[in-house]
Amino acid sequence: MDGLRKQSIQAIVICGGEFHDFDFARLEILKLLAEDDRVRTRVFECYDAALEALPSADFIISYTSNRVGSTETQAAFRRFVENGGNWFALHGTNSLILIDENIEDGEPRPLVHAPRAAPTLMQVLGSQFIAHPPIGRYSIQVTNLEDPIVQGLEAFEVTDELYLMELHGEVETLLHCDFSGEATGFAEAEWEVKKHPVMYRKQLGAGCVLYLTLGHCRGHYDMAGITDFYPQIERGAWEEATFYELLRRGIHWAKKEVVTES
């Protein structure tokens, strides 16, 4: 390479949890990271396991559900961002749910709760998942047309889970969806009309979190404890070219502060 040496970029991918097809999501994320041969990636299923890799990491990508880590681990991830790290968080990263049975018309039906049991992690991420309406097709608007992450994109539609969230601190919304209505099956089911963030950025100290709520995926065997066989395969926004464009732009954002030699 003409005597020039490139510096590698160290990435952490945390992908694991419940109720989603993490094998599918993990593979897709790794394929996108592999488009840049400088990126060297370590993969973990939970935050506690990734703790020892944090000191050498340049950025984080997460796709988790019902995974928050210990109090000490949450604090360490907060320090990572505060000290200048970038964290690209996807879909269920901000979810912590409990499911119990609610009796309706004499029939047991699952009722989903969102306990506020991991405040440090949710404050770092800037939000906590509370509910979503039934999976369906909805329109996403570009909130900040000038931001390079979404610049040039137009409004688009996806079939996915629309995340209805509790926000923590000031966030800069990049994409949003206007919604009001009922999140059937969730304890906090009624939502007034507002612009719900779909993609946002949150500054924390010298670093930043970029959150994209899209990306639901589920296979036949991903609802253990509820059903042995889920009848349909769901790929959500993973079937949309715009989603992959957002993923590539998010990865570019996560890497751009990394000092490289060329």
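Placed above this text is the structure.
Summarised in this report is the structure supplied together with it. Remember, predicted model here, so these are calculated numbers, not experimental data.

Some words on the overall build of the protein chain
Point 1. Helix and strand counts for the protein chain come out as 5 helices and 13 strands.
Point 2. The C-alpha atoms of the protein chain give 18 Å as radius of gyration, which agrees with the globular expectation for 262 residues (18 Å, within 12%).
Point 3. Counting only C-alpha atoms, the protein chain reaches 75 × 40 × 35 Å along its principal axes.
Point 4. The buried share of the protein chain, taken over its 262 residues, is 52%.
Point 5. Per element, the accessible surface of the protein chain, about 12400 Å² overall, is 48% carbon and sulfur.
Point 6. Charge-centre separation for the protein chain: the mean point of 23 positive side chains lies 7 Å from the mean point of 41 negative side chains.

Concerning the pattern of salt bridges
Point 1. As enumerated under the stated definition, the model contains 17 salt bridges in all.
Point 2. The salt bridge involving Arg201 is made with Asp147; its shortest N-O contact spans 2.3 Å. One end of the pair, Arg201, is in strand E12 (residues 190-204); the other, Asp147, is in the loop between strand E8 (136-142) and strand E9 (156-160), with 54 residues separating them in the sequence.
Point 3. One salt-bridge network, held together by shared partners, links Asp36, Arg38 and Lys255.

Some remarks on the environment of Glu146
Point 1. Along the chain, Glu146 falls in the loop between E8 and E9.
Point 2. Glu146 sits 28 residues away from Leu174 along the chain, and the two C-alpha atoms are 9.4 Å apart.

Considering the layout of surface pockets
Point 1. Taken as a whole, the largest pocket encloses approximately 640 Å³ of empty space.
Point 2. If you trace the largest pocket, you find 26 residues lining it, with Val112, His132, Phe186, Arg218 and Met223 closest to the centre.
Point 3. Listing elements by their share of the lining of the largest pocket, those giving two or more residues are strand E5 (98-104) and strand E6 (107-113).
Point 4. Looking at the lining of the largest pocket element by element, the count peaks at 4 residues for E6.
Point 5. Across the lining of the largest pocket, the residue classes break down as 15 nonpolar, 6 polar and 5 charged.
Point 6. For the second largest pocket, the calculated volume is near 240 Å³.
Point 7. Lining of the second largest pocket is provided by 16 residues; of these, Gly17, Glu18, His20, Phe22 and Asp222 occupy positions nearest its centre.
Point 8. Contributing elements (two or more residues each) for the lining of the second largest pocket: strand E1 (9-17) and helix H1 (22-33).

Quick word on empty space enclosed by the protein
Here the idea is plain: a probe the size of a water molecule rolls over the atoms and shows the empty space left.
Point 1. Throughout the structure, instances matching the rule amount to 1 cavity of 30 Å³ or more.
Point 2. Tyr163, Leu164, Met165, Leu167, Lys194, His196 and Pro197 are the residues that line the largest cavity.
Point 3. Mapped onto the lining of the largest cavity, the elements with two or more residues apiece are strand E10 (164-167) and E12.
Point 4. Residues belonging to the lining of the largest cavity are distributed by class as follows: 5 nonpolar, 1 polar and 1 charged.

Considerations on the side chain of Asp21
Point 1. Relative to the helices and strands, Asp21 is located in the loop between E1 and H1.
Point 2. Judged by relative accessible area, which is 11%, Asp21 ranks as buried.
Point 3. Residues within four places of Asp21 in sequence aside, it is in contact with Cys217, Arg218, Gly219, Asp222 and Arg235.

Parameters and conventions
Residues numbered from 1 in each chain as written. Predicted model: local features only at pLDDT ≥ 70, side-chain atom pairs only at ≥ 80, totals over all residues. Heavy atoms only, no water. Helix = DSSP H or I, 4+ residues; strand = E, 2+ residues; numbered from the N terminus. Rg over C-alpha atoms; globule rule 2.2 N^0.38 Å. Buried < 20%, exposed > 50% of the residue type's maximum accessible area, 1.4 Å probe, protein only. Areas by Shrake-Rupley, 256 points an atom, 1.4 Å probe, with all protein chains shown as cover. Lys, Arg positive; Asp, Glu negative; His and termini not counted. Charge placed at Lys NZ, Arg CZ, Asp CG, Glu CD. Salt bridge = Lys/Arg side-chain N within 4 Å of Asp/Glu carboxyl O. 1 Å grid on protein atoms, 1.4 Å probe; cavity = no way out; pocket = protein on both sides within 12 Å on 5 of 7 lines; lining within 4 Å. Points joined across faces, edges and corners; volume = space filled by probe spheres on them. Nonpolar A, V, L, I, M, F, W, Y, C, P; charged D, E, K, R; others polar. Contact = heavy atoms within 4.5 Å.

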